[in-house]
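# Examination of the molecular architecture
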Amino acid sequence: MRSSTEAPGKNCATGGQKLEYGVDVDGDGMLSDSEITGTSYVCNGARGADGADGAMGADGAMGADGAMGADGAMGADGATGPQGDPGATGPTGARGPAGQDGATGPAGATGPTGAGDPGPTGPTGATGDIGPTGPTGAGDPGPTGATGPTGATGDPGATGATGVTGATGATGDPGVTGPTGATGDPGATGATGPTGATGDPGATGATGPTGATGDPGATGPTGATGATGATGPTGATGATGATGPTGATGATGPEAQRQFYTEQLVGIADVTCSSVSTDSDTTQCNDLLIGGLPICATQGSPSSLCQFIIGNGSWDWGAESCGGSNACAYWDGSAWQTTTDVCVFPIIMCFYNPV
């Protein structure tokens, strides 16, 4: 025995299974067409009412997170806000008193006057070395604030002692004027007195108020979304199972475009027949409706409609209904349309005759 799917039609209105049986004469384990001795059909029952929806199943486990995409480009910086007003300048601190002058160093001793005729004037002696500068008074300078009042002038430093005057030589007899004697070396310059102490730094001026904070700059645009991470590799394809033996070829059924069913989709609309019939020469749809509506009498002939549905055909119908407000359907060449017409075909039948 062998089985095959039976399409909806004269044998099974809702489709089903076709069972063919017979004796395996040649013993090859398969039922050949020539070995078929009988055929039965197991038809599908009419569709029952929809059952109540079952309870919703528990949520499945959450899938693993995909790889994080690359960071998007950083958005541009917002514009800089305006600068706040500068704070007021604090008052200048008071000026410290001036330091005392250092003591004057002693004068060098005067060289002796040459005896006898004055000799020639000798060359000018070399200038003595300048004494080292005294250390600067300690104390870090205070920060500059507003200018304070001038400090009091410090006391003058003591005057250094005067050097000893050299003894005057005896006056010689006047005679011819001799050459001027050489000028004695000048005495060494006295050391510079120490620098007076630095006056106290003036008081620090009060800190001016902080300028107002400028308005914040506008927020830069959001950076572009990073690219989606790469898709993981596809798993390996499983091995293809062995091909089963080819079943015997079933009997040739009627051509699809020549077959009517009680309900079929034609041009995205339901075409229904109250009943269908099929024999070796003809298929027939009785009481044809389009989307539940009859066919308009003025929108093309029923023959054209029949040919559109099954590719060829003829037609027949009952009495026209001309009530003046009958809703009906017609084909505009690309889609079904609904209109109200004076006449409709309430009972139209399409036939397909291969002859």
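For the structure itself, consult the block above.
As the structure is a prediction and not an experimental result, all values here were calculated from the model.

### What to know about the overall build of the chain
In terms of helices and strands, the chain carries one helix and 14 strands. Considering the chain as a whole, with its 355 residues, one finds that 18% of them fall into the buried category. Put simply, 67% of the contacts in the chain that link residues at least 6 apart link residues at least 24 apart. When the accessible surface of the chain is split by element, carbon and sulfur atoms take 54% of a total near 24,700 Å².

### Concerning the sheet that holds strand S3 (residues 36-43)
Spatial ordering of the open sheet is given by S1-S2-S3, a layout of three strands whose pairing is antiparallel. The strands lining the two open edges of the sheet, one partner per strand, are strand S1 (2-6) and S3. Going across the sheet, the axis of each strand differs from the next one's by a mean of 25°, ignoring polarity. In the sheet, S1 pairs with strand S2 (residues 16-22) via five bridges, with the strands oriented antiparallel. Directly across from Ser 4, in S2, lies its bridge partner Lys 18.

### With respect to the pairing of strand S7 (residues 283-286)
Neither face of S7 is exposed, since Thr 283 and Cys 285 on one face and Gln 284 and Asn 286 on the opposite face are all buried. As judged from the four bridges shared by strand S6 (residues 275-278) and S7, these two strands associate in the antiparallel manner. Across the sheet, the residue bridging to Val 276 is Cys 285, located in S7.

Calculation notes
- Residues numbered from 1 in each chain as written.
- Predicted model: local features only at pLDDT ≥ 70, side-chain atom pairs only at ≥ 80, totals over all residues.
- Heavy atoms only, no water.
- Helix = DSSP H or I, 4+ residues; strand = E, 2+ residues; numbered from the N terminus.
- Buried < 20%, exposed > 50% of the residue type's maximum accessible area, 1.4 Å probe, protein only.
- Contact = heavy atoms within 4.5 Å.
- Areas by Shrake-Rupley, 256 points an atom, 1.4 Å probe, with all protein chains shown as cover.
- Pairing = 2+ DSSP bridges.
- Axes fitted to C-alpha atoms, helices over the stretch in contact; angles between N-to-C directions.

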